[in-house]
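Residues per chain are reported as follows:
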Amino acid sequence: MRTLIRRLAAVVAAAVFCLNLYVELSPRYVVGPEWKLAFAAAFALPLALAFFCGVPRAARQKRRHDFWLILFWYYLWVLLNVLFFDNAFGRGFAPDPTFSAVNLEPLRTIRNYLLAYGYGNISLRLTVLNLAGNVVAFAPMGFFLPALFRWQRSVFFYTASLALAISAVEIAQIYSGAGSCDVDDLILNLAGALVVYLICRIPPIWRHVCSVTPKKGD
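It should be emphasised that the depicted structure is a prediction, and the values quoted were computed from it without experimental measurement.

Cut-offs and rules
Residues numbered from 1 in each chain as written. Predicted model: local features only at pLDDT ≥ 70, side-chain atom pairs only at ≥ 80, totals over all residues. Heavy atoms only, no water. Phe/Tyr/Trp six-rings, centres within 6.5 Å; stacked < 30°, edge-to-face > 60°. Buried < 20%, exposed > 50% of the residue type's maximum accessible area, 1.4 Å probe, protein only. Lys NZ or Arg CZ within 6 Å of the ring centre and 35° of its normal. Helix = DSSP H or I, 4+ residues; strand = E, 2+ residues; numbered from the N terminus. Polar contact = N/O pair within 3.5 Å; in protein donor to acceptor, adjacent residues only side chain to side chain. Salt bridge = Lys/Arg side-chain N within 4 Å of Asp/Glu carboxyl O.

Enquirer: A description of the packing of aromatic side chains should follow, citing residues and the corresponding values.
Expert: A complete count under the given rule lists 23 aromatic pairs for this structure. Note on Tyr22 and Tyr29: the rings are 6.2 Å apart at their centroids and 65° apart in plane angle, and the pair reads as edge-to-face. On the basis of relative accessibility, which here comes to 43%, the residue Tyr22 falls in the partly exposed class. Both rings, one in Phe156 and one in Phe157, keep their centres 5.4 Å apart while their planes meet at 70°; by these two values the pair is edge-to-face. Taken together, Phe51, Phe52, Phe67, Trp68, Phe72, Trp73, Tyr75, Phe143, Phe144 and Phe149 form an aromatic cluster joined through their ring pairs. Taking the ring centre of Trp206 as reference, the NZ or CZ of Arg201 above it sits at 4.2 Å.

The structure is reproduced here in structure tokens:
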């Protein structure tokens, strides 16, 4: 019975992912943040059943690593879609890069959004999506990277890797025409990722994070 449940759950997770992929990439649909979270939950829950339902505790270690690795790849797909392809965020490639969309002045964009909201020129939703959304975008890295890659448990390597990756994304966005190149995006993205990393470093939480990919011999 438990084997049947795991197999059915795996089929449901695969079906949800295929539907999610179709809806996200179809020009007919605009998938807002709320629906993205709903799709993520609808994928993660049956996936967890498929991996762990009725599985003895002693046999869960490798399954735990594979489960989080699949979720990591799913998160990367969602992130890259939001950054480069998602019509809900006005993404899409342009033949000529717009270098006027480059901002290298720290906090200018953040200040402009807050001022625009204060004067009633933009909505609270738009302000939250652009500011809090940038904080949240890379925040899951604070769990995924140290959990799955032991060398990412060093705060130096973790911070350096993310700073380089986010900078590469910003440069790619401007050259592809998929977005702007803004130092404030780097600040907000990195801040969210570091906050989650520091939360994960709390000793009881850190033990669970490190148990996903334990050191050899543990």
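Moving on from the coordinates now.
Enquirer: Provide a residue-level description of the side chain of Ser176, including the pertinent values.
Expert: If you trace the backbone, Ser176 turns up in helix α7 (residues 155-176). A distance of 2.7 Å separates a polar side-chain atom of Ser176 from the backbone oxygen of Ala172. Within the local environment of Ser176, its side chain forms a polar contact with the backbone oxygen of Gln173, the two atoms lying 3.3 Å apart.

Enquirer: Requested: an account of the pattern of salt bridges, with residues and values cited.
Expert: Per the counting criterion, the structure on display carries 6 salt bridges. For Lys36, the salt bridge identified is with Glu24, shortest N-O distance 3.0 Å. Taken as a pair, Lys36 in helix α2 (residues 33-52) and Glu24 in helix α1 (residues 2-25) lie far apart in primary sequence, 12 residues in all. When sorted by exposure, Lys36 lands in the same class as Glu24, which is buried. A salt bridge links Lys62 to Asp66, with the shortest nitrogen-to-oxygen separation between them at 2.8 Å. Of this pair, Lys62 and Asp66 both sit in helix α3 (residues 60-85), 4 residues apart, which is roughly one turn of the helix. Under the relative-accessibility criterion, Asp66 is labelled partly exposed at 25%. Residues joined in a network through salt bridges with shared partners are Glu24, Lys36 and Asp86.

Don't take any of this as a statement about function, it's just geometry.
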